[in-house]
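# Structural characterization, general
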Amino acid sequence: MKKFGALLVGLAFLLVGLMPSAGFSAKKGIVIGFTMSQTGKFNSESKEQFQGLKLWAEQVNAKGGIYVKAIGKRLPVVFKYYDDESSKDRVQQLYVRLINSDKADFLISPYSSGLTASAAIIAEQYGKVMMAAGAASDSIFNKGYTHVFQIYTPASRYLTDAMDILSKVDPKAKKIAIVYENSKFAKAVCTSAKEYAEEKGFNVVLFEAYDSGTTDFTSFISKIKATNPDAIIGGGHFADGETFAKQLFEQRVKVKLVSLLVAPAVPEFAELGKAALYVTGPSQWEPLARFRKEAAGSKGWYGPSSQEFIKAYKKAYGYVPGYHGAGGYVAGLVLQKAIEDAGSIKADLVKRALERMAITTFYGRIKFDTGKYYGRQIGHSMVYLQWQEKGGKMVKEVVWPLEAKSADLVYPFSKKY
Amino acid sequence: MERGKTLFWLIPFLVFIVALPPVTGSVTLREGIFLILMYVTLASSLNVIMGYTGYVSFGHIVFYGIGGYISFYLMLRDGMHLIPAMILGGIGAALAAFALGEAVLRLRGAFFAIATIGVNEAVKALVNNLNFIGGAEGLFFNFSVYKAYGGAARAIWFSYYTMAAVTLITVVASYLIKMSKFGLGLRAIREDEDAAIILGVNAKRYKSLAYAASAFFPGMAGAVFFFKAGNIEPHDAFHLIKSIEMIFMVMLGGYGNVAGAFTGALVYERLKGFLLVNPLFKNLHMAISGVVLLLIVLFMPQGIIGFIREKSKKLRGVLE
């Protein structure tokens, strides 16, 4: 019987660990709570994003913190974060903890749209502003959340700028072929691109999906040749995009613009040599993108320049950041701007400041949807890069948007033959 | 102590745990206990097929995913209330298990374990490609769904109590199964299936029923969990790692033992939860929990409860 009592006591002790730690002294800083995927499948993206965010906090704290007008002084930023293991199991538990035990004032979302949606329910319930970094889905932004603000350009606008490029450089080009991988992401992107093209008066002459893992595009290329389009857009992932670009080159397909998802943004794409030449593709951000203070003008510049950011990031981590690192940094930067504008750390005031926000940063424009898709990013647009040849070497250049370009677009694509 | 008294302490203890968050008013505590309850449900139901019958179902999480998807779809499309949707999710999972059991339960040992992994991956791939249930992107609730339950805060409390009820039913059911003639048949199958058949145990029927029973409760747990999470994706619904965690909890507490599955789930969740938020260990939690678990398995292969049962004759009756 004694042992049994001991067993029960043992089990009860285990529960004690659950009790929230009590006692919290006066406000020493602005607590920003989040979970990151230190383990599991989102590990590398999440880590890079965290590095960006951390760099931002270090820079802010080096200046004494964020100036909060309501209390007339600077408050340093304090991070509270846990590992969510890239899994939904603990996301809600940890966000509840961040809000109640750690007294987080603001939240940053986990990586990926699914985890963000789970965390959003908690953020919403407690009325906490949450910056969604690393969630590019549109579908979580018409779900009635009113405290979640997206940093990335949503999937629906990944390829729409290709049409804008065409209208700008060649208003006569009207025929578009869309060939895409039959995956959820590519399908969502290309369906939106098709709607946009038709809305803008383009003629979508081909709209076809290929299976994931396709290695022979002959039948698609025959169809493309038969419809004689001005531009080809689509793609999916790296391997299929690379193969598609290669076979377009081998078959000497003569079009004016080729724009593919994912593959052109990957450095290994250069190994295709001439087949990669003049292929364009969208990216959330590129180190080469030169959004300039002067060009931003009335739209209001905020934060460091691209060069300053890259230099600081390289100094801290030893390499040039990709878009995840930039996204993490900007999530912090946007929050900082909103707190400064609101002059307070009260959630509803900061929320209103975010609604009003229209700024340009090194990462591009930032503006949030306040309509049906509340919180969705509508200011930021994809930058388009193009593979060009310089001194016999393949180089990536940013060609769009014009205010951020590092080189002029080489047009038409068929110039390379 | 007499035999058959396990539930006399297990149920009050469970009720005590469940009552802690509303009494203390702590939502942080509630979140932790919600996970404990879910893990107890998963471990206790896996115990029926794995512990009693001796069939190690490696991909058992598939039933949690199936139950979750069925109920989520019903709640999203038809605006069904959580409770009926959850029961339908459980029934769907049980039916799926019964049908699958007819095929995979013919296999024994490692072949069965591998086949169940295959089933999980196949269902995941299928769901990934079914557009009407959201494909790879999954399904998302509109936040207004929770209005029917009195707002998100109340909906989460509601899902907490629902999970508590599911857990209670699971623990009682797993105890009753073990103590019944059916349970005796299952244990006979575990010890020697051929001998059991010769002695008149309808092994095929028994195994299928045990498999269906062990799928019913995870199906309901999945329904509650994804209701609370507000969205469901194939990657989370059919998460193989969680399947392995379930096996681990059963092994940790004690194979084939009602109090064992319960204790295993409780200890595992607390250990992981503690390491995850502890400032000292939070970057090393995976490594540390791995080492701790390895030590337990090496030195207490019969699990915590099995170990205590072995050491104390008196306690055997209350630790079934």
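Our subject is the structure that appears above.
Residues numbered from 1 in each chain as written. Chains lettered and ligands numbered in written order. Predicted model: local features only at pLDDT ≥ 70, side-chain atom pairs only at ≥ 80, totals over all residues.

## Observations regarding the overall build of chain B
- Looking only at helices and strands, chain B has 14 helices and two strands in total.
- In terms of overall dimensions, chain B is globule-like: its C-alpha atoms have a radius of gyration of 19 Å, near the 20 Å expected for 320 residues.
- Along the longest, intermediate and shortest principal axes, the C-alpha atoms of chain B span 55 × 45 × 35 Å.
- Across the 320 residues that make up chain B, the buried fraction comes to 55%. (Helix = DSSP H or I, 4+ residues; strand = E, 2+ residues; numbered from the N terminus. Rg over C-alpha atoms; globule rule 2.2 N^0.38 Å. Buried ≥ 20, exposed ≤ 12 C-beta atoms within 10 Å, placed from the backbone.)

## Description of the pairing of strand β1 (residues 30–36) of chain A
Residue and element names in this part refer to chain A.
- In terms of burial, β1 is largely enclosed, as seven of its seven residues are buried.
- Alternating positions in β1 separate into two faces, I30, I32, F34 and M36 on one and V31, G33 and T35 on the other, with burial throughout.
- Sheet topology places β1 next to strand β4 (residues 77–83); seven bridges connect them, and they run parallel. Residue pairing for β4: F34 is matched across the bridge by Y81. (Pairing = 2+ DSSP bridges.)

## Things to note about unusual backbone geometry
All names here are of chain A.
- Note the cis peptide between W400 and P401, where omega equals -5°.
- Among the structural elements, P401 can be located in the segment after β16 (393–400).
- Omega for the peptide link from Y411 to P412 comes to -5°, which places this bond in the cis form.
- As for its placement among the helices and strands, P412 is situated in the segment after β16.
- For Y278, which is not glycine, the phi torsion reads 65° and is therefore positive.
- Examined against the element boundaries, Y278 turns out to sit in the loop between β11 (257–260) and β12 (280–283).
- You can call Y278 buried: it has 21 C-beta atoms within 10 Å.

## A closer look at helix α8 (residues 238–250) of chain A
All names here are of chain A.
- Here α8 contains 13 residues, and its C-alpha end-to-end distance of 18 Å stays within 8% of the 18 Å for a straight helix at 1.5 Å per residue.
- Within α8 the residues assigned to the buried category are D240, G241, E242, F244, A245 and L248.
- A positive phi of about 50° marks R252, the residue just after α8. (Expected span 1.5 Å × (residues − 1).)

## Some details on the interface of chain B and chain A
- Facing the 43 residues of chain B at the interface are 39 residues of chain A.
- Breaking the side of chain B that touches chain A down by element, the ones donating at least two residues are α1 (6–24), α2 (27–52), α6 (152–179), α9 (203–229), α12 (258–277) and α13 (285–299) of chain B.
- Ranked by residues supplied to the side of chain B that touches chain A, first place goes to α2(B) with seven residues. (Contact = placed C-beta atoms within 7 Å.)

## Topic: the packing of α2(B) against α12(B)
Residue and element names in this part refer to chain B.
- For the pair α2 and α12, the least separation of the axes is 8 Å and the interaxial angle reads 140°. By the angle class used here, α2 and α12 are oblique. With respect to the hand of their crossing, α2 and α12 are arranged in right-handed fashion. Taking contact as the criterion, the partners of G32, L35, I36, Y39, V40, A43, S44, N47 and G51 in α2 are, on α12, V258, A261, F262, G264, A265, L266, Y268, E269 and G273.
- Tallied by class, residues from the contact of α2 with α12 come to eleven nonpolar, six polar and one charged. (Axes fitted to C-alpha atoms, helices over the stretch in contact; angles between N-to-C directions. Parallel < 35°, antiparallel > 145°, perpendicular 65-115°, else oblique. Left-handed = near helix turned anticlockwise from the far one by under 90°. Nonpolar A, V, L, I, M, F, W, Y, C, P; charged D, E, K, R; others polar.)

## With respect to the packing of α12(B) against helix α14 (residues 303–311) of chain B
All names here are of chain B.
- Relative to each other, α12 and α14 sit at 130°, their axes nearing to 7 Å. If you check the angle between α12 and α14, you find them oblique. For the pair formed by α12 and α14, the contact residues are A259, G260, T263, G264 and V267 on the first element and G303, I304, I305 and G306 on the second.
- When its residues are assigned to classes, the contact of α12 with α14 shows four nonpolar, five polar and no charged.

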